[in-house]
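If you want the building blocks of each chain, they are given just below.
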Amino acid sequence: GRSLVTPATWRAVRVDAIAPAAWRNGGGTTREIARWAGARLSLADIDRAGPFSAFAGLRRWIAVLHGRVGLRFAGSTIGLDAGSDPFAFDGADAPHADPGPVGGCRVLNLMLAPERAPGGGLRRVELRAGDVLDAGGACADYVCRGTLIAGEARVAAGDALVGDARVAAGGAHAGDDTVAAGGV
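Analysis parameters
- Residues numbered from 1 in each chain as written.
- Predicted model: local features only at pLDDT ≥ 70, side-chain atom pairs only at ≥ 80, totals over all residues.
- Heavy atoms only, no water.
- Helix = DSSP H or I, 4+ residues; strand = E, 2+ residues; numbered from the N terminus.
- Buried < 20%, exposed > 50% of the residue type's maximum accessible area, 1.4 Å probe, protein only.
- Contact = heavy atoms within 4.5 Å.
- Areas by Shrake-Rupley, 256 points an atom, 1.4 Å probe, with all protein chains shown as cover.
- Polar contact = N/O pair within 3.5 Å; in protein donor to acceptor, adjacent residues only side chain to side chain.
- Core = buried A, V, L, I, M, F, W, Y, C linked by side-chain atoms within 4.5 Å.
- Pairing = 2+ DSSP bridges.
- Salt bridge = Lys/Arg side-chain N within 4 Å of Asp/Glu carboxyl O.

### Here we look at the overall build of the protein chain
Helix and strand counts for the protein chain stand at 0 helices and 19 strands. Residues classed as buried in the protein chain amount to 47% of the 184 residues present. Nonlocal contacts in the protein chain, meaning residues at least 24 apart in sequence, comprise 68% of its contacts between residues at least 6 apart. A total accessible area of about 8600 Å² is found for the protein chain, and carbon and sulfur atoms account for 51% of it.

Below is the structure:
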């Protein structure tokens, strides 16, 4: 069965306190929220159209948090916005991303090595005040709206709750109506 973690396994990450790293193509920036063996969760701001970097050998998910983005692959195009489910694709693909005429969008980005990918992924959950977050093995949750609480860690919109990747995560609850996206 799945075990619940103790509150000591969770920590709050203030995302705006993470220095953004500019993309090589100049089209945006990334803030790395967490990194574990074979996994990385980051927040990216896409400022203008351009190609994503290729990450061969990794599975990749993105969830749009604000704005919208079109992803053009070799044979197809997909449009995503804040209401879309997280989208998965092969990290070797380097789709052309276009945030559209308004420009600028913010996405949550998860990359997993093959050994982590079968049970991992990115998902979006909506909670009511007092609901317990069934993390389902997730190790990080970015709070889109509302508040998540785990022990002493209280995380508001725009920040993340990060757990130890070696344990099955759980034990967080919503302080109010909350929307969170997380993964691994």
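### Points about the side chain of Arg106
Relative to the helices and strands, Arg106 is located in strand S11 (residues 105–112). Of note is the side chain of Arg106, whose polar atom sits 2.8 Å from the side chain of Asp45. The contact partners of Arg106, leaving out residues within four places of it in the chain, are Asp16, Arg31, Leu43, Ala44, Asp45, Ala63, Val64, Leu65, His66 and Tyr142.

### Topic: the nonpolar core
Across soluble globular proteins, nonpolar side chains have a tendency to be buried as a group. Core analysis: the largest hydrophobic core is formed by 20 residues, its most contacted members being Ile33, Leu41, Leu108 and Val162. Beyond its immediate stretch of four places on either side in the chain, Ile33 contacts Arg11, Val13, Val15, Ile18, Leu41, Ser42, Leu43, Leu108, Tyr142, Ala160 and Val162. Residues Phe52, Phe89, Cys105 and Val107 belong to the second largest nonpolar core, which totals 13 residues.

### Comments concerning the sheet that holds strand S7 (residues 68–72)
Spatially, 4 strands are ordered S5-S10-S7-S8 in an open sheet, and the strand pairing comes out antiparallel. The open sheet is flanked by strand S5 (50–51) and strand S8 (77–81), the only strands paired with a single partner. Here 2 bridges tie S5 to strand S10 (residues 96–98), and the two strands are oriented antiparallel to one another. Across the sheet, residue Pro51 finds its bridge partner in S10, namely His96.

### A look at the pattern of salt bridges
Applying the stated criterion to the full structure yields 5 salt bridges. Asp159 is the partner of Arg14 in a salt bridge, and the nearest nitrogen-oxygen pair spans 3.4 Å. Of this pair, Arg14 sits in the loop between strand S1 (10–13) and strand S2 (21–22) while Asp159 sits in the loop between strand S16 (153–156) and strand S17 (160–163), and the two are 145 residues apart along the sequence. Here Glu32 and Arg35 are joined by a salt bridge, their closest N and O atoms 2.7 Å apart. With a relative accessible area of 33%, Glu32 lands in the partly exposed category. Residue classification places Arg35 among the exposed positions, given a relative accessible area of 56%.

### Structural notes on the sheet that holds strand S3 (residues 28–36)
Within the open sheet, the 6 strands sit side by side as S2-S3-S4-S11-S6-S9. Their pairing is antiparallel. Each edge of the open sheet is held by one strand with a lone partner, namely S2 and strand S9 (87–90). In the sheet, strand S6 (residues 59–66) pairs with S11 via 7 bridges, with the strands oriented antiparallel. Bridge pairing in S11 places His66 opposite Arg106.

### A few points about the environment of Asp159
On the accessibility criterion, Asp159 (13% relative accessible area) is buried. Residues in contact with Asp159, not counting those within four places in the same chain, are Val13, Arg14, Val15, Asp16, Asp141, Tyr142 and Val143. Among the polar contacts listed, one links the side chain of Asp159 to the side chain of Arg14, at a separation of 3.4 Å.

### Observations concerning the environment of Ser84
Mapped onto the elements, Ser84 comes out in the loop between S8 and S9. Sequence-wise, Ser84 and Arg124 are 40 residues apart; in three dimensions their C-alpha atoms are separated by 9.4 Å. Sequence-distant contacts of Ser84, that is, excluding residues within four places in its chain, are made with Gly79 and Arg124. A distance of 2.9 Å separates a polar atom in the side chain of Ser84 from the backbone nitrogen of Asp81.

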